[in-house]
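Notes for the structure review
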Protein chains: 2
Amino acid sequence: MSTHDEILSLGDDLMRMHGFNAFSYYHLADALKVRPAAVHYHFPTKDALALSIVNRSREAFHAFSERVLLEADLQIRLKSFVRIFAENADTGKICLMGAAGADFYSLSEDTRGAVRLFVLDIIAWLTDLLDEGRQCGDFTFDGLPRTRALLIATNLAASLHMARILGKKEFQSISGQLVKDICPSKKSTKRSSSKVRGK
Amino acid sequence: MSTHDEILSLGDDLMRMHGFNAFSYYHLADALKVRPAAVHYHFPTKDALALSIVNRSREAFHAFSERVLLEADLQIRLKSFVRIFAENADTGKICLMGAAGADFYSLSEDTRGAVRLFVLDIIAWLTDLLDEGRQCGDFTFDGLPRTRALLIATNLAASLHMARILGKKEFQSISGQLVKDICPSKKSTKRSSSKVRGK
DNA sequence: CAATATACTTACTACTTAGTAAGTAGTCAA
DNA sequence: TTGACTACTTACTAAGTAGTAAGTATATTG
């Protein structure tokens, strides 16, 4: 991998592990065994780096959405989406939405715009998946597909914070129930369960 | 208010607006019209300040949970909880769970422990509310009350990120649907809505 | 009235930070 | 082979960082 791409990859890791204000050109340079000025050569300002990190993630999500089209089952598509977050929970990272949202006011207007487009892409993809899934009976939920997409995205994003604070097992509880909530099963319905299950 | 308390209040604002690594002793001192050393007098290290900020929020939540006991209606208690987040959405701040979760690895073990206790308090309170509410028919949901509490807490936490990235209106959509999801209404059920409502 | 404690200030240190300017080694094309 | 281009390096600056040491004004108390 080129130095350019290694900076982007490490920058993404650092941004989602420690936050945009918690790493410096020195940290990047030191880890990649180059001088800080080499990082400035590829990304003149820290904001230029942030912008590239966000756009790289956006491209990665486009690649994901193309890849997942090979899978016909909509429930499995959803689970593939959840798996992206599960991998981050394992490594202790949060998602870019969570990281960029927390550091939002440290970013330039351009970078905030890129974050906005990135999140809109995710919400649009999830909205379409849910809409299509409800029409064919693969998913069951109340309200607008877009609102449900926002609910699921916020669940997954903050689950990564929960995994850090309370432990990785919490991610499994949250994401497991989240999938159950919208995937209709044969045995149980919303109403019947209100008394049989305990605390 | 004393300088000590003003530092705590402003520190809390800055931590939740810009992040733990995005403000300095100078920022605090400058805003409060004192010298940076005065801030060190009250909070010798930045970590001591972070710890106090977290414990202050925990105490504030205890006060909230006592206050809300005056309200008998469990649905209204839930809405009071949601209102705390709505106020943050308005001012552009995120919640301490979201902020401390993002900056988790910049905090000391002691402070992380305090964050854990703070989040556990919230989850315990919400779990009890949901459990009691399901038993008396005020709330309807699948799964364990604690899991549902985690789902609601993560929804609200990341909704504040969404409010920053996509706009404040998104918070209303998310929190509105979240409340609808568990508050049984007379007219609509989970199943009947799957075709009448559009995208 | 003297001693003590509180809540600061001034003055400082050692270090980190993003960013720049100028130079260099290697490649590649005309 | 010369001249440009890429991908760096060395060397530097100005500003910001957490944290410390010593001094000071003002109450409070024995």
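Please read these numbers as outputs of a predicted model, since none were measured by experiment. (Residues numbered from 1 in each chain as written. Chains lettered and ligands numbered in written order. Predicted model: local features only at pLDDT ≥ 70, side-chain atom pairs only at ≥ 80, totals over all residues. Heavy atoms only, no water.)

1. A word on helix 7 (residues 109-135) of chain A
Inclusion rule: Under the scheme used here, helices are H or I runs from DSSP no shorter than 4 residues and strands are E runs no shorter than 2 residues, and both carry numbers assigned from the N terminus. Working rule for helices: expected span equals 1.5 Å times residues minus one.
Along its 27 residues, helix 7 of chain A runs 38 Å from first to last C-alpha, staying within 8% of the 39 Å computed at 1.5 Å per residue. A positive phi of about 85° marks glycine 137 of chain A, the residue just after helix 7 of chain A.

2. Brief notes about the state of the cysteines
To be explicit about the condition: Pairs of cysteine sulfur atoms within 2.5 Å are identified as disulfides in what follows.
The final tally for this structure, using the stated rule, is zero disulfides over all chains. Summary of cysteine pairing: cysteine 136 of chain A is not part of a disulfide, and the nearest cysteine sulfur, belonging to cysteine 183 of chain A, is at 11 Å.

3. With respect to the nonpolar core
Filter applied, for reference: Buried Ala, Val, Leu, Ile, Met, Phe, Trp, Tyr and Cys residues that are joined via side-chain atoms within 4.5 Å together make up what is termed a nonpolar core. Burial here depends on accessible area, computed with a 1.4 Å probe over protein chains only, as a share of the maximum for the residue type. Under 20% is buried, over 50% is exposed, and the range in between is partly exposed. Contacts are assigned to residue pairs with any non-hydrogen atoms lying within 4.5 Å of each other.
Formed by 134 residues in total, the largest nonpolar core has its most connected members in Leu126 of chain A together with Leu126 of chain B. Other than its neighbours up to four places away in sequence, leucine 126 of chain A contacts Leu78, Phe81, Ala149, Ile152 and Ala153 of chain A.

4. Description of the protein's contact with DNA strand C
Filter applied, for reference: Nearness is defined per residue: one heavy atom within 4 Å of the molecule or strand is enough. A 3.5 Å cut-off defines polar contacts: any pair of N or O atoms within that distance qualifies, except that in protein one atom must be a possible hydrogen donor and the other a possible acceptor, and neighbouring residues in sequence count only when both atoms are side-chain atoms. Charged residues are taken to be Asp, Glu, Lys and Arg, nonpolar residues to be Ala, Val, Leu, Ile, Met, Phe, Trp, Tyr, Cys and Pro, and polar residues to be all remaining types, Gly included.
Not every one of the 16 residues close to DNA strand C is listed here, only the nearest: Ser24, Tyr25, His40 and Lys46 of chain A together with Arg35 of chain B. Sugar and phosphate atoms constitute 71% of the interface atoms of DNA strand C, taking the interface as everything within 4 Å of the protein. Within the backbone of arginine 35 of chain B, an N or O atom sits 2.9 Å from a phosphate oxygen of DNA strand C. Between tyrosine 41 of chain B and DNA strand C, the recorded distance is 3.5 Å, taken from a side-chain N or O atom to a phosphate oxygen. Elements represented by at least two residues in the surface near DNA strand C include exactly helix 2 (25-32) and helix 3 (36-42) of chain A together with helix 3 (36-42) of chain B. With four residues, helix 3 of chain B is the single largest residue contributor to the surface near DNA strand C. Among the residues making up the surface near DNA strand C, the classes are represented as eight nonpolar, six polar and two charged.

5. Some remarks on the side chain of threonine 154 of chain A
Tracing the backbone through its elements, the reader meets threonine 154 of chain A in helix 8 (residues 145-166). Within polar-contact distance, the side chain of threonine 154 of chain A engages the backbone oxygen of leucine 150 of chain A at 2.9 Å. Setting aside anything within four residues of it in sequence, one finds threonine 154 of chain A in contact with Thr154, Asn155, Ala158, Ser159, Met162 and Ile174 of chain B.

6. Comments concerning the interface of chain A and chain B
The test is simple: Once two parts are joined, some of their accessible surface, as seen by a 1.4 Å probe, is lost; buried area is that loss totalled over both. What makes a salt bridge here is a side-chain nitrogen of Lys or Arg within 4 Å of a carboxyl oxygen of Asp or Glu, nothing more.
Between chain A and chain B, the residue contacts involve 60 residues of the former and 60 residues of the latter. Between chain A and chain B, the buried area comes to about 5500 Å², and carbon and sulfur atoms account for 60% of it. Viewed at the interface, chain B and chain A are joined by four salt bridges. Between arginine 148 of chain A and aspartate 181 of chain B there is a salt bridge, with its nearest N and O atoms 2.6 Å apart. Taken together, chain A and chain B are joined by 15 residue pairs in polar contact (both at pLDDT 80 or more). The set of elements that each furnish at least two residues to the side of chain A that touches chain B consists of helix 6 (96-102), helix 7, helix 8, helix 9 (169-182) and helix 10 (193-196) of chain A. When residues of the side of chain A that touches chain B are assigned to their parent elements, the largest contribution, 17 residues, is made by helix 8 of chain A. Residues of the side of chain A that touches chain B, tallied by class, amount to 24 nonpolar, 21 polar and 15 charged.

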